[in-house]
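# Topology and contacts: notes
These are the residues of each chain, in order.
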Number of protein chains: 2
Amino acid sequence: MTPRFSTQTAEADAAPVPMPPRERILTAASDLFYRQGIRAVGVDAIAEAAGTNKMTLYRHFESKDALVAEYLRRLSGKSQKFWGYIEREYPDNPRKQLGVWLEAAGQDANDPQGRGCALANAAVELAEKDHPARRVIEEHKRAQRDRLAKLCADAGLDQPEMLADELFLLLEGARVCAQSIGTDSPCCRFVRMGEAIIASHDKK
Amino acid sequence: MTPRFSTQTAEADAAPVPMPPRERILTAASDLFYRQGIRAVGVDAIAEAAGTNKMTLYRHFESKDALVAEYLRRLSGKSQKFWGYIEREYPDNPRKQLGVWLEAAGQDANDPQGRGCALANAAVELAEKDHPARRVIEEHKRAQRDRLAKLCADAGLDQPEMLADELFLLLEGARVCAQSIGTDSPCCRFVRMGEAIIASHDKK
DNA sequence: CCTATATGTTACTGATCGGTACCAAATCAA
DNA sequence: TTGATTTGGTACCGATCAGTAACATATAGG
């Protein structure tokens, strides 16, 4: 199974051997949080979807907020795996890596079933600035942006920091745009826009 | 009072003559919805902040959802006024209009007190695709994007549709990025990025 | 003045929220 | 088999949710 670009939830991967309760809870919570929103989903609904009960949930997670943080931590981890996958697949070819990233990001942003980036969504939903999830979100986003900047630099592109910022914001915008307008919108031109911007940073 | 770029709430404009209840409710709701999130704010809290009570609230709005929709409709209206203001201020100078828009958008995205675009945030919070607010959001965003495209075309820039998409997504991204990473992030370079992208569409 | 309308107040509904106490059943290690 | 740990089930807690009924008080217009 090749890693996905992620920051959507997906997967469920019907297990041959039944998953332990903690795993089932995280899987169910991920699906519900992503599709319906964090505040819209109660712990009762999560426990039921996980085929267990609230007591078991609270034996594994000290609070709903902690469960939310873990949900986001998992997604951030998957995203890291995708970067690793790209590097392993196309070593010493940063231009190709950037192309693969752009394509994967575009597919993610234009998934009609998708609801954008779970971490960005969480930042919108959880306004309390001391929420345990906020650290996870900020660290993830900074890491994404920095990784992209390194890639742009390695690819020998002009003004790599600025280019990375442009691509980063473009993607963030595309994923939130898909939720407000829908995929029949600027976000469906994301890949083309990214290519054009990359081209404009190509050293002539 | 010059119109603001808006899609944040702000205002409060301590009225000399006391506002009627409906207005007070909308003002209070706007402030709370924007700062804390729609789902995080109960109708009781809104009524109290408006200096009235729940009954009066429900005499003016048939449900919380209807109040939310009206909250967003107002913001969309203010945004339209800003476009009108720009046109009136710099008629027959689309390049200047674009510059003013970019600058205002940049200030909006980088307001450290800001929480991004209220309409985009609502789209994230309200996953139900039949929510009465969704029409308002989609129409607003489409209108914004189209208005921007017209401006780029009038300004005689290259590939105006694509440029508008780029600027649109860049702004959407900047406003959501400010919430996840904070204003010390790519979003604080928004204006510079916008200028660079516009320049790259300048007919040589 | 009187009457109609708008607003305020209180109390309530039934549902759901996050979180817990308690005990029984299942599982697992020795 | 024994004994410890993990899980399931149920019932509960107090708080809050969106929304309403009933009644008292204003405020207006004639």
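All of the points below concern the structure found in this document. (Residues numbered from 1 in each chain as written. Chains lettered and ligands numbered in written order. Predicted model: local features only at pLDDT ≥ 70, side-chain atom pairs only at ≥ 80, totals over all residues. Heavy atoms only, no water.)

### A word on the environment of Lys 78 of chain B
Residues and elements named next belong to chain B. Looking at where Lys 78 falls in the secondary structure, it is placed in helix H4 (residues 64-89). According to the relative accessible area criterion, Lys 78 is partly exposed, its value standing at 27%. On a C-alpha basis, the gap between Lys 78 and Leu 148 in space is 16 Å, while along the polypeptide they are 70 residues apart. (Helix = DSSP H or I, 4+ residues; strand = E, 2+ residues; numbered from the N terminus. Buried < 20%, exposed > 50% of the residue type's maximum accessible area, 1.4 Å probe, protein only.)

### Let's talk about the nonpolar core
Ranked by internal contacts, the top residues of the largest apolar core, which has 72 residues, are Leu 98 and Trp 101 of chain A together with Leu 98 and Trp 101 of chain B. Setting aside residues no more than four positions away along its own chain, Trp 101 of chain A makes contact with Phe 5, Trp 83, Ile 86, Leu 148, Leu 167 and Leu 171 of chain A. Core analysis: the second largest hydrophobic core is formed by 63 residues, Leu 57 and Val 136 of chain A together with Ala 118 and Ala 122 of chain B among them. (Core = buried A, V, L, I, M, F, W, Y, C linked by side-chain atoms within 4.5 Å. Contact = heavy atoms within 4.5 Å.)

### Notes on the protein's contact with DNA strand D
Within the structure, DNA strand D sits among 19 residues, and Thr 52 and Arg 59 of chain A together with Lys 54, Tyr 58 and Lys 64 of chain B are positioned closest to it. Within 4 Å of the protein, the contacting atoms of DNA strand D are drawn from sugar and phosphate to the extent of 46%. Thr 56 of chain A is positioned with one of its side-chain polar atoms (N or O) 3.0 Å from a phosphate oxygen of DNA strand D. Contributing elements (two or more residues each) for the surface near DNA strand D: helix H1 (21-36) and helix H3 (54-60) of chain A together with helix H2 (43-49) and helix H3 (54-60) of chain B. Per-class residue counts for the surface near DNA strand D are 6 nonpolar, 7 polar and 6 charged. (Near = heavy atom within 4 Å. Polar contact = N/O pair within 3.5 Å; in protein donor to acceptor, adjacent residues only side chain to side chain. Nonpolar A, V, L, I, M, F, W, Y, C, P; charged D, E, K, R; others polar.)

### Structural notes on the interface of chain B and chain A
With 40 residues of chain B in contact, the opposing surface of chain A contributes 40 residues. Taking both partners together, chain B and chain A bury about 3400 Å²; carbon and sulfur atoms supply 68% of that area. Taken as a group, Val 124, Leu 169 and Ile 181 of chain B account for 19% of the area that chain B buries against chain A, more than any other trio of residues on that side. Between the two partners, chain B and chain A, sit 4 salt bridges. (Buried area = accessible area lost by both parts, 1.4 Å probe. Salt bridge = Lys/Arg side-chain N within 4 Å of Asp/Glu carboxyl O.)

### Details of the packing of helix H4 (residues 64-89) of chain A against helix H5 (residues 94-109) of chain A
All names here are of chain A. Close contact between H4 and H5 brings their axes to 9 Å; oriented N to C, the two are set at 140°. Between H4 and H5, the angle falls in the class oblique. Seen from above, H4 lies across H5 with right-handed handedness. Contact with H4, carried on its side by Phe 82, Trp 83, Ile 86 and Glu 87, involves Gln 97, Val 100, Trp 101 and Ala 104 of H5 and no other residues of that element. (Axes fitted to C-alpha atoms, helices over the stretch in contact; angles between N-to-C directions. Parallel < 35°, antiparallel > 145°, perpendicular 65-115°, else oblique. Left-handed = near helix turned anticlockwise from the far one by under 90°.)

### Let's talk about the pattern of salt bridges
This model, assessed by the stated rule, comprises 40 salt bridges over all chains. A salt bridge links Arg 147 of chain A to Glu 87 of chain A; its shortest N-O distance comes to 3.5 Å. A residue pair is termed long-range when its members are at least 10 positions apart, and Arg 147 of chain A in helix H7 (residues 132-154) and Glu 87 of chain A in helix H4 qualify at 60 residues. Asp 165 of chain B is the salt-bridge partner of Arg 189 of chain A, the closest N and O atoms lying 2.8 Å from each other. A residue pair is termed interchain when its members come from two chains, as with Arg 189 of chain A in the loop between helix H8 (160-180) and helix H9 (190-200) and Asp 165 of chain B in helix H8 (residues 160-180).

### So, the protein's contact with DNA strand C
Taken together, 18 residues lie near DNA strand C, and Lys 54, Tyr 58 and Lys 64 of chain A together with Thr 52 and Arg 59 of chain B sit nearest. Near the protein, within 4 Å, the atoms of DNA strand C are sugar or phosphate in 48% of cases. At 3.5 Å, a side-chain N or O of Arg 24 of chain B approaches a phosphate oxygen of DNA strand C. A distance of 3.2 Å is found between a phosphate oxygen of DNA strand C and a side-chain nitrogen or oxygen belonging to Thr 56 of chain B. Only helix H2 (43-49) and H3 of chain A together with helix H1 (21-36) and H3 of chain B provide two or more residues apiece to the surface near DNA strand C. With 4 residues, H3 of chain B is the largest single contributor of residues to the surface near DNA strand C.

### Some details on H7 of chain A
The end-to-end C-alpha separation of H7 of chain A is 34 Å, in line with the 33 Å expected for 23 residues at 1.5 Å each. Every buried residue of H7 of chain A is listed here: Ala 133, Arg 134, Val 136, Ile 137, His 140, Lys 141, Gln 144, Arg 145, Leu 148, Ala 149, Leu 151 and Cys 152 of chain A. On its buried face, H7 of chain A is in contact with H4, H5, helix H6 (118-125) and H8 of chain A together with H8 of chain B. Count one or two residues on from H7 of chain A and you reach Gly 156 of chain A, which has phi positive near 70°. (Expected span 1.5 Å × (residues − 1).)

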